[in-house]
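Observations on the model geometry
Now for the letters of each chain:
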Amino acid sequence: MKEIELKLQGKLKRLTNKTFKFDERVREGWFSAVYFLKTSEIAKRYKSDAVVTMQFFQKTDDAVLCGTDEAIALVHTFAKNPEELEIMSLKDGDKISAFESVLTITGPYQSFGFLEGMIDGILARRTSVATNVYNVVKAASYSGKQKPIIFMGDRDDHFSQQAGDGYSAYIGGSTAQATHAMSEWWGKKGMGTMPHALIQLFNGDVVAATKAYYETFPEDEIMALVDYNNDVITDSLRVAREFKDKLNAVRLDTSRTMVDQYFFRNQHVLGDFDPRGVNPQLIFALRKALDNEGFNHVKIVASGGFTKERILEFEQQNVPVDMYGVGSSLLNIHIGFTGDNVLLNGKPEAKAGRRYRPNPRLEKVEYDKPSH
């Protein structure tokens, strides 16, 4: 059973290194800024009895916090004498404000100080992705009905980031994800049907490609990709006529540099909008064409360059999209965290402009000895 299931059942308070599987080189300081390593050596030599409080916060607007379980597991796994540290923290999924303390660690600097930069990085990436996904999910609920968001960030960053990004997307509200790795920390498997490469293998014949898919994966819902020939309405109707009730959805992924063939056949509708890519007018026309032939059950999935702003624009116009696929915009790492030492032996001591900011929402974290 995955740790996330135990956590959801209330049997585990926080995820541990059983989930995160940290690189053991963390212990050697391999991923720590060298000046943190040097400071740890100096603290051990000259100030071994000093107790510091390190406080973590971000300066951006409101955000969805993520990465606290991971940061705490990092400390519990690699700090010196972690059972002697006092850790206070918010939880993954908490809404936070600028300058709000989200995590504090109190203890000898040499015990945990070398992990500061890594903790900042964990919180920055996880919170950025969770917040991005949350904002997109919120935009997709504008109509009052929550439309699912498929997290398609596999091609927009190094593959080694997928598990953490997938967990962050889950915290932000997306449970439909493109790869199995994205679901590793939180439970489900990846989802997806066909890429353009499958249609290419069948010489651009979308029906033949969809048939091959269905015969190979008969238990799957059929979602046909229909922009390969840049004629989404024609190909959607071809697939719908062939599969009828078995067709669950069609997906448009038209490039923003292309104009669909529908507009060349219907030039009278042009003139007051940008006809490139996946645009509202194309989707309205597709919905009408499907409905006119009785394919009301076929859902429309839109992907390709979608952002929070673009989804909100579609929703405000009541564009009949049933699901959005979003990738690169969700991986914009724009929320940076800072770790500051703000107390020395329980008394205020910090660089100019920084101060201890108590937060009544912080909860004490009990030490859970990690298993190796």
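Structure shown above.
First, a word on what this report is: a plain description of the structure on this page. (Residues numbered from 1 in each chain as written. Predicted model: local features only at pLDDT ≥ 70, side-chain atom pairs only at ≥ 80, totals over all residues. Heavy atoms only, no water.)

**Details of the overall build of the protein chain**
Spelled out, the test is: Think of it this way: any DSSP run of H or I at least four residues long counts as a helix, any run of E at least two long counts as a strand, and we number them from the N terminus. Throughout, a contact is declared for two residues whenever any of their heavy atoms are within 4.5 Å. Under the convention used here, a 1.4 Å probe and the Shrake-Rupley method define accessible areas, while residue burial counts only the protein chains that appear. This count recognises Lys and Arg as positive and Asp and Glu as negative, with His and chain-terminal groups excluded. Where a charge sits is defined by one atom per residue type, namely NZ (Lys), CZ (Arg), CG (Asp) or CD (Glu).
Across its full length, the protein chain carries 13 helices and 14 strands. With respect to the principal axes defined by its C-alpha atoms, the protein chain has extents near 80 × 45 × 35 Å. Pairs at least 24 apart in sequence give 72% of the contacts found in the protein chain among residues at least 6 apart. Per element, the accessible surface of the protein chain, about 18400 Å² overall, is 50% carbon and sulfur. Treating the 47 positive side-chain charges of the protein chain as one cloud and the 49 negative ones as another, the clouds have centres 3 Å apart.

**Side note on unusual backbone geometry**
The condition that has to hold: A simple rule labels every residue: compare its accessible area, found with a 1.4 Å probe on the protein chains alone, to the largest value its type can have, and call it buried under 20%, exposed over 50%, or partly exposed in between.
In this model, N81 sits at a positive phi of 50°, which is unusual for a non-glycine residue. One can find N81 in the loop between α4 (68–78) and β3 (86–89). The phi torsion at N230 lies on the positive side, around 55°, for a residue other than glycine. Along the chain, the position of N230 falls in the loop between β8 (222–225) and α10 (232–243). Relative accessible area serves as the criterion here: at 9%, N230 is assigned to the buried category.

**Some details on the packing of aromatic side chains**
To describe a pair of aromatic rings, you give the distance between the ring centres and the angle between the ring planes. Heads up, the condition is: Note on aromatic pairs: the rings of Phe, Tyr and Trp (six-membered ring only in Trp) are paired at centre separations within 6.5 Å, and the planes decide the class, stacked below 30 degrees, edge-to-face beyond 60, tilted for the rest. Only lysine NZ and arginine CZ atoms are considered, and such an atom sits over a ring when it is within 6 Å of the ring centre and within 35 degrees of the ring normal.
Applying the stated criterion to the full structure yields 14 aromatic pairs. Judged by centre distance (4.7 Å) and plane angle (50°), the rings of Y35 and F36 are tilted. Exposure remark for Y35: the relative accessible area of 56% places this residue in the exposed category. A centroid spacing of 5.7 Å and a plane angle of 20° characterise the contact between F57 and F99, whose relative ring orientation is stacked. Of this pair, F57 sits in strand β1 (residues 52–58) while F99 sits in the loop between β4 (95–96) and β5 (103–107), placing them 42 residues apart in sequence. You can call F57 buried: its relative accessible area is 4%. Lying over the aromatic face of F306, R310 brings its terminal NZ or CZ to 3.9 Å of the ring centre.

**What to know about the pairing of β5**
Under the convention used in this document: Note on pairing: two strands pair once DSSP finds at least 2 bridges between them.
β5 sits mainly inside the fold: five of its five residues count as buried. Of the two faces of β5, both are covered, the one formed by L103, I105 and G107 as well as the one formed by T104 and T106. In the sheet, β1 pairs with β5 via five bridges, with the strands oriented antiparallel. The residue bridging Q55 from the neighbouring strand is T104, located in β5. Alignment of β3 against β5, held across four bridges, turns out to be antiparallel. Paired with M88 across the two strands is T104, which belongs to β5.

**Section: the environment of E221**
As for its placement among the helices and strands, E221 is situated in the loop between α9 (206–216) and β8. On the basis of relative accessible area, E221 is assigned to the exposed category, the value being 57%. A C-alpha to C-alpha distance of 21 Å links E221 and E293, two positions 72 residues apart in sequence. Apart from residues lying up to four places away in sequence, E221 is in contact with T193, Y213 and N248.

**Details of the sheet that holds β1**
Note the threshold: Fitting a line to C-alpha atoms yields each axis, with helices limited to the stretch in contact; the angle taken between N-to-C directions then spans 0 to 180 degrees.
An order of β13-β12-β1-β5-β3-β14 is seen for the six strands of this open sheet, with the pairing classed as antiparallel. Whereas interior strands pair on both sides, the edge strands pair on one side only; in this sheet they are β13 (347–348) and β14 (363–365). Direction of pairing for β3 relative to β14: antiparallel, over a ladder of three bridges. Its bridge partner being in β14, M88 is matched across the sheet by K364. In the packing of α4 onto the sheet, the strands contacted are β3, β5 and β14, and the crossing angle to β3 comes to about 175°.

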